[in-house]
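Residues per chain, in single letters:
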Amino acid sequence: MADYTTIDNSFKHFNTVTYTGNVDHSSANGSQAITGVGFQPDWVWIKPYVLGYSAGSHNLTDSVRGAGKGLFADLNSAEYDYGTSANGGTVIAFGSDGFTLGGASQVNEDSNTYVAWNWLAGGTASSNSDGSITSSVSVNTTAGFSIVSYTGTGSNATIGHGLGSAPQVVLLKERNGSNNWIMSHQPLSDSLSDFTRFLTLNSNGAVSGAGNVLFQSSAFTSSVFNVGTSAASNGSSQTFIAYCFAEKTGFSKFGKYTGNASVDGPYAYLGFEPAWVLIKRTDSSDNWMLYDNKRDTENPLTVALNADTSGAQFTTSNTLDFLSTGFKLKSTEATTNASGGTFIYMAFAQNPFVTAGTKAAGTAR
């Protein structure tokens, strides 16, 4: 039988690495090259997960905005530019097998241990005029991922994303202002009116609806996503960055499930063994739960990070199993498995190279 995906190695498109900082907390001057990613990353998401001297926010840098420029996933802060000097810098360069860090404590404090999640887009951005707003796009159509930069108009608009298929997830942030991170997760939607609903990455809040203000009442298309008039998604003359994801069979999956409050919890079929899973309850205020197979290597996974806080990783009773074709909830806890609760997830593959007859759904790793 045919493979589930044309991607023969997920590590060519997404990979997780861990490392320990090497700059003494009394000095912000120093650098460290992080290798082993397997490609030159275009989006690097770094979090200190074992905290020594200081706590640290989730630090996001990408090749479209440029090295030295970052955003914090757990904060609504505007983009910072620490520059590309080793003195106080964060990600100061992208390399063929990873990236180079400066001495900023958010990414390179000697008493902290860090995890870096890395995605491949398309390198240097190109102009895209598919939408009513011209955007700059770095795109990896094979893996269904693009990084999109645009300037808002304050009026209903469409923006080209370059994916060639409709994105299921668009995560965007105003760069030069303090509006929240906004996520459109299209699998949440059961009708056209639902397309305006959104989640806030830097908050534990439930799903919200804002009419046609953040997003318009129409599905995203193979060429554009839409924004409304809100300052958080399309403020006049404001600059924005958007991370867009189209589902690729065998490599990525963006879905939802309903909880049952049982240790025999819901099973999310992905078509691959996951390497990274982000879960959010949408009908109640609960933290974003982030799991990966580098910080926790055995089932059940009991170690998590909250994407909406700067805290260290923690041992959680919100446990789950990573299986050969998906993940299964193993906890009665409300954050990931409340009875009747609605949850969304994002997942990327550890092992996408599976044929339809080689592994049965639910086989433990």
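What counts and what doesn't
- Residues numbered from 1 in each chain as written.
- Predicted model: local features only at pLDDT ≥ 70, side-chain atom pairs only at ≥ 80, totals over all residues.
- Heavy atoms only, no water.
- Pairing = 2+ DSSP bridges.
- Helix = DSSP H or I, 4+ residues; strand = E, 2+ residues; numbered from the N terminus.
- Axes fitted to C-alpha atoms, helices over the stretch in contact; angles between N-to-C directions.
- Salt bridge = Lys/Arg side-chain N within 4 Å of Asp/Glu carboxyl O.
- Buried < 20%, exposed > 50% of the residue type's maximum accessible area, 1.4 Å probe, protein only.
- pLDDT = per-residue confidence, 0-100.
- Contact = heavy atoms within 4.5 Å.
- Phe/Tyr/Trp six-rings, centres within 6.5 Å; stacked < 30°, edge-to-face > 60°.

**Student:** In this structure, what is going on with the sheet that holds strand β2 (residues 32–34)? I would like to understand it.
**Tutor:** Pairing between sheet strands relies on hydrogen bonds along the backbone, with the strands arranged either parallel or antiparallel. The strand order across the open sheet formed by 3 strands is β2-β8-β7, and the pairing between neighbours is antiparallel. This sheet does not close on itself; its edge strands, each paired only once, are β2 and β7 (91–95). With direction set aside, neighbouring strand axes in the sheet form an average angle of 20°.

**Student:** Sorry, what's going on with the pattern of salt bridges here?
**Tutor:** Two side chains carrying opposite charge are able to pair once their charged atoms lie near each other. Following the criterion strictly, the structure yields 9 salt bridges and no others. Two residues, K253 and E247, come together in a salt bridge whose shortest N-O distance is 3.5 Å. Look at K253 and you get partly exposed, because its relative accessible area is 24%. For the salt bridge of R281 with D283, the shortest nitrogen-to-oxygen distance reads 2.8 Å. Counted as one network, the salt bridges with shared partners bring together D62, R65, E79 and R175.

**Student:** Looking at this model, I keep getting lost on the pairing of strand β5 (residues 69–72). Mind explaining?
**Tutor:** A regular strand places its side chains so that they alternate between the two faces of the sheet. Bridge analysis of strand β4 (residues 59–62) against β5 gives 2 bridges, and the strand direction is antiparallel. Considered in β5, the bridge of L60 is made with L71. Judged from the 2 bridges that link them, β5 and strand β6 (residues 80–81) form a sheet pairing that is antiparallel. From the neighbouring strand, G70 faces β6, where its bridge partner is Y80.

**Student:** What is the right way to look at the pairing of strand β27 (residues 342–351) in this model?
**Tutor:** Most of β27 is tucked away, with 7 of its 10 residues classed as buried. Where strand β22 (residues 273–281) meets β27, 8 bridges bridge the pair, whose relative direction is antiparallel. Within β27, the residue paired with W276 across the bridge is F348.

**Student:** Looking at this model, I keep getting lost on the confidence of the model for the chain. Mind explaining?
**Tutor:** Low pLDDT means the predicted coordinates in that region are not meant to be read closely. When pLDDT is averaged across the chain, the result is 92; 93% of the residues are at 70 or more. Below a pLDDT of 50 lies the segment residues 353–365, which in the model reaches 35 contacts outside its immediate sequence neighbourhood of four places, other chains included.

**Student:** Sorry if this is basic, but what is going on with the environment of G30 here?
**Tutor:** Of note, G30 is situated in the loop between β1 (14–20) and β2. A relative accessible area of 16% means that G30 is categorised as buried.

**Student:** Hey, could you run me through the environment of G83 in this one?
**Tutor:** If you trace the backbone, G83 turns up in the loop between β6 and β7. In this structure the C-alpha to C-alpha distance between G83 and G66, which are 17 residues apart in sequence, comes to 9.5 Å. Leave out the neighbours within four places in its chain, and G83 touches G68, G89 and I92.

**Student:** In this structure, what is going on with the packing of aromatic side chains? I would like to understand it.
**Tutor:** Each aromatic ring pair is characterised by the separation of its centres together with the angle its planes make. Enumeration according to the criterion identifies 32 aromatic pairs in this entry. Ring centres 5.5 Å apart and planes at 85° place the aromatic pair W119 and W276 in the edge-to-face group. Taken as a pair, W119 in strand β9 (residues 113–119) and W276 in strand β22 lie far apart in primary sequence, 157 residues in all. Look at Y257 and F327: their rings are 6.4 Å apart centre to centre, the planes differ by 75°, and that puts the pair in the edge-to-face class. Of this pair, Y257 sits in strand β20 (residues 252–258) while F327 sits in strand β26 (residues 326–329), placing them 70 residues apart in sequence.

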